[in-house]
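These are the residues of each chain, in order.
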Amino acid sequence: MATIVEITEEKALEVKNFEFTYAGADVPSVKKLDMPVAKNSITALIGPSGCGKTTLLRSFNRMHDLYPGNKYEGEILFKERNILLPKEDLIRLRIQIGMIFQKPTAFPMSIFDNVAYGLRLQGLKNKTELKDRVEKALQDAAIWNEVKDRLTHDANGLSGGQQQRLCIARAVAVEPEVLLFDEPTSALDPISTGGIEELIVQLRERVSIIIVTHNMQQAARVSDYTGFMYLGELIELGRTEELFVTPREKLTEEYITGKFG
Amino acid sequence: MKNIIDTIFANATRAIAFGVLLLLAWIFTVLFEHSLESLQAFGFDFILEDKWAPNLEKFGALPAIYGSVVSTFLAMVLAVPVAMGIAIFLSEIAHAKLKTPVGISIELLAAIPSVIYGMWGLFYFVPIIRDVFGGVGISMLTAGIVLSIMILPFMAAVTRDAMNTTPDILKESAYALGATKWDVIKDVVIPYAKSGIIGSFILALGRAIGETMAVTFVMGNVHKISTNLTEPATSIPVALANEFAEADSDLYYSSLFELALILLVVSFVIISIAKFYFLRRKRVGQ
Ligand SMILES: Nc1ncnc2c1ncn2[C@@H]1O[C@H](COP(=O)(O)OP(=O)(O)O)[C@@H](O)[C@H]1O
Ligand SMILES: [Mg+2]
């Protein structure tokens, strides 16, 4: 059985007896998983490559539904509803739960249009309101000063770190309640990585964050809670400072002391 | 020893590459040489003159140019939307089980020799056009339709390939913001693949404008400019295919060569635009 710490805050999400099986796979990639996610805090998911971190993360916004044949079981509770039910409105869900990917994914359009994209999808047409919300999002993502003079330029002209912050601006522009980050700095240099980490910590004020990382230092630097996954299971979820200093599970200890990975 | 082989190999391949360039220059020179008489006789008026009367030794290329342009334009107007539809279906909508068989059949269609499209057009399309639109059935419209069917598979296949280069992660990013499939196609896939798509259209245009066998049967080779699409017409390759054997005077012969020269230059420009502007390799690491 997994060791799961008592969460004192309100919960943003609650995973209950969750299993996920990819189309055509014989065994589930995430198994019988229970996990609370605290509101307005940062939960990091660590664990060796292939242990199911991305698979779990992509279940929170039902990304797996884009490909046929994948199977969810159990419950993921969000705002008092089970988002795994077939009747879930995926468009609304993905507005409420945003996602940042492993590589920057600027759309082939201008910087402004990238950030305005999600707002326009929701039917926001008013020019001044769009402008205000794009500016606010870019400020929230700490990139406004760098791009304010070239909002009409192609977003692909930005550096990798800038593009990743643009993607964060694009995600926060629609004011989600939860943000999912899948190894958001794995394609970036150390300086850009530092900038993104700082930004993630600041965002905690407004959103609940789950971040997948293969980098334990990163988890230790940014997160309030850390979950350690192994072979599709959650082995331990604890307060970050406790989990890294006094892990309660033997596997966790072996992993964080570098005995395997 | 190894060095010598390397050197020989490098020089041999270089020679072959230059050979191809030389061949192009040679073809151009031959066409130019044979066109000289017509060039001297008519000058620039050749492409503005709308009379083509071999018995009067009067040769104007305008009807053939007009026919080439109009039939190609018709073909593009008909083929582009259908090719886009097929490509979108194959790259974004079709189930994986359907993608491969349909994709392969389209590639097979693209490999059918054009003379077969021409024969099929003559025996099946000409009567249909005659019944539906009137006229004799052999017409500009028939040529446009047969051409569009001929370039469609190629266009659809290349457009699909261009769309398939859109990274999944980019599409997922749009879905993650609440986009629908249609939003993703319109805002991400098509803009991302835009230059490849336009490039494939232009290559198809290049094929259509130089196409001979598919249209020779169904166009009629009548050197007359008519705005009525159901009337017979001609195009540069159709005129060449029909008239070379009967060119009985030097000027006639030379005028046909000048037609060929015009076609070569136009095709060359079209293909160059497609290759060098739109189908350049994408900047890596976006
Ligand atoms: N699209 C897929 N289809 C089938 N199996 C997959 C797919 N993606 C990942 N897996 C499998 O699911 C398991 C978990 O993968 P993943 O969630 O990507 O791990 P992590 O993010 O922790 O490295 C792995 O065994 C992987 O091989
Ligand atoms: Mg992963």
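In this text, all values refer to a predicted model and were calculated from it rather than measured experimentally.

Participant: Would you explain the overall build of chain B in this entry?
Facilitator: Looking only at helices and strands, chain B features ten helices and two strands. Over its C-alpha atoms, taken along the principal directions, chain B stretches across nearly 70 × 70 × 30 Å. In chain B, which comprises 286 residues, the proportion classed as buried is 44%. A total of about 14700 Å² of accessible surface is found on chain B, and carbon and sulfur atoms cover 70% of it.

Participant: Before we go on, may I ask you to explain the interface of chain A and chain B in this structure?
Facilitator: For an interface, size is often stated in terms of accessible area lost upon the parts coming together. Opposite the 26 residues of chain A that make contact, chain B presents 20 residues. Both faces considered, chain A and chain B share a buried interface measuring about 1900 Å² in area, 66% of it formed by carbon and sulfur atoms. If you sort the residues of chain A by the area they bury against chain B, P108(A), Y117(A) and L121(A) come out on top, with a joint share of 24%. For the pair chain A and chain B, the number of links is one salt bridge. A salt bridge links R58(A) to E172(B), with the shortest nitrogen-to-oxygen separation between them at 2.8 Å. At the junction of chain A with chain B, the criterion picks out four residue pairs in polar contact (both at pLDDT 80 or more). Among the elements of the structure, α2 (90-96), β7 (97-100), α3 (111-121) and α6 (160-173) of chain A are those that each provide at least two residues to the side of chain A that touches chain B.

Participant: What is the right way to read the pattern of salt bridges from this model?
Facilitator: Side-chain pairing between opposite charges can occur once the charged atoms of the two side chains come close. Tallying each qualifying case throughout the model produces 23 salt bridges over all chains. Measuring nitrogen to oxygen at the nearest pair gives 3.8 Å for the salt bridge that ties E49(B) to K58(B). Under the relative-accessibility criterion, E49(B) is labelled partly exposed at 24%. Judged by relative accessible area, which is 35%, K58(B) ranks as partly exposed. Residue E92(B) is joined to K171(B) by a salt bridge in which the shortest nitrogen-to-oxygen separation is 3.2 Å. In this pair, E92(B) sits in helix α2 (residues 62-93) while K171(B) sits in helix α6 (residues 168-175), placing the two residues 79 residues apart along the sequence. The exposure class assigned to E92(B) is buried, which follows from its relative accessible area of 10%. Given a relative accessible area of 13%, K171(B) falls into the buried group. Overlapping salt bridges, with partners in common, bring together K136(A), D140(A) and R206(A) in one network.

Participant: Got a minute to help me understand α6(A) in this structure?
Facilitator: The terminal C-alpha atoms of α6(A) lie 20 Å apart, and with 14 residues this matches the ideal 20 Å at 1.5 Å per residue to within 8%. Among the residues trailing α6(A), E175(A) stands out with phi positive, at a value near 50 degrees.

Participant: Quick question: what am I supposed to make of the sheet that holds strand β4 (residues 42-46) of chain A here?
Facilitator: Either a parallel or an antiparallel arrangement is found when strands of a sheet pair, and the pairing is made through backbone hydrogen bonds. Residues and elements named next belong to chain A. Spatially, β1-β11-β10-β4-β9-β8-β7 is the arrangement adopted by the seven strands of the open sheet, whose pairing is mixed. Strands at the two margins of the open sheet, each flanked by one partner only, are β1 (3-4) and β7. Bridging between β1 and strand β11 (residues 233-239) involves two bridges; their strand directions are parallel. The residue bridging I4 from the neighbouring strand is L237, located in β11.

Participant: Would you mind going over the side chain of S192(A) with me for this structure?
Facilitator: With respect to the element layout, S192(A) can be found in helix α7 (residues 190-203). You can call S192(A) buried: its relative accessible area is 17%.

Participant: Just to check I follow, could you spell out the site of ligand 1 for this structure?
Facilitator: Residue and element names in this part refer to chain A. The local shell around ligand 1 consists of Y22, S29, S49, G50, C51, G52, K53, T54 and T55. In the model, an oxygen atom of ligand 1 is placed 2.9 Å from a nitrogen or oxygen of the S29 side chain. When ligand 1 sits alone it has 560 Å² of accessible area, and the protein chains cover 56% of it. Within the shell around ligand 1, the residues separate by chemical class into two nonpolar, six polar and one charged.

Participant: Explain the packing of α2(B) against helix α7 (residues 181-210) of chain B here, please?
Facilitator: Helix-helix packing is characterised by the crossing angle of the two axes and by the distance between the axes. Residues and elements named next belong to chain B. Their axes nearest at 9 Å, the elements α2 and α7 cross at an angle of 145 degrees. For the crossing formed where α2 meets α7, the hand is right-handed. Across from S68, T72, M76, V80, M84, I88, E92 and I93 in α2, the residues of α7 making contact are K181, I185, V189, I190, I197, F201, L205, A208 and I209. Tallied by class, residues from the contact of α2 with α7 come to 13 nonpolar, two polar and two charged.

Criteria and cut-off values
- Residues numbered from 1 in each chain as written.
- Chains lettered and ligands numbered in written order.
- Predicted model: local features only at pLDDT ≥ 70, side-chain atom pairs only at ≥ 80, totals over all residues.
- Heavy atoms only, no water.
- Helix = DSSP H or I, 4+ residues; strand = E, 2+ residues; numbered from the N terminus.
- Buried < 20%, exposed > 50% of the residue type's maximum accessible area, 1.4 Å probe, protein only.
- Areas by Shrake-Rupley, 256 points an atom, 1.4 Å probe, with all protein chains shown as cover.
- Contact = heavy atoms within 4.5 Å.
- Buried area = accessible area lost by both parts, 1.4 Å probe.
- Salt bridge = Lys/Arg side-chain N within 4 Å of Asp/Glu carboxyl O.
- Polar contact = N/O pair within 3.5 Å; in protein donor to acceptor, adjacent residues only side chain to side chain.
- Expected span 1.5 Å × (residues − 1).
- Pairing = 2+ DSSP bridges.
- Near = heavy atom within 4 Å.
- Nonpolar A, V, L, I, M, F, W, Y, C, P; charged D, E, K, R; others polar.
- Axes fitted to C-alpha atoms, helices over the stretch in contact; angles between N-to-C directions.
- Left-handed = near helix turned anticlockwise from the far one by under 90°.

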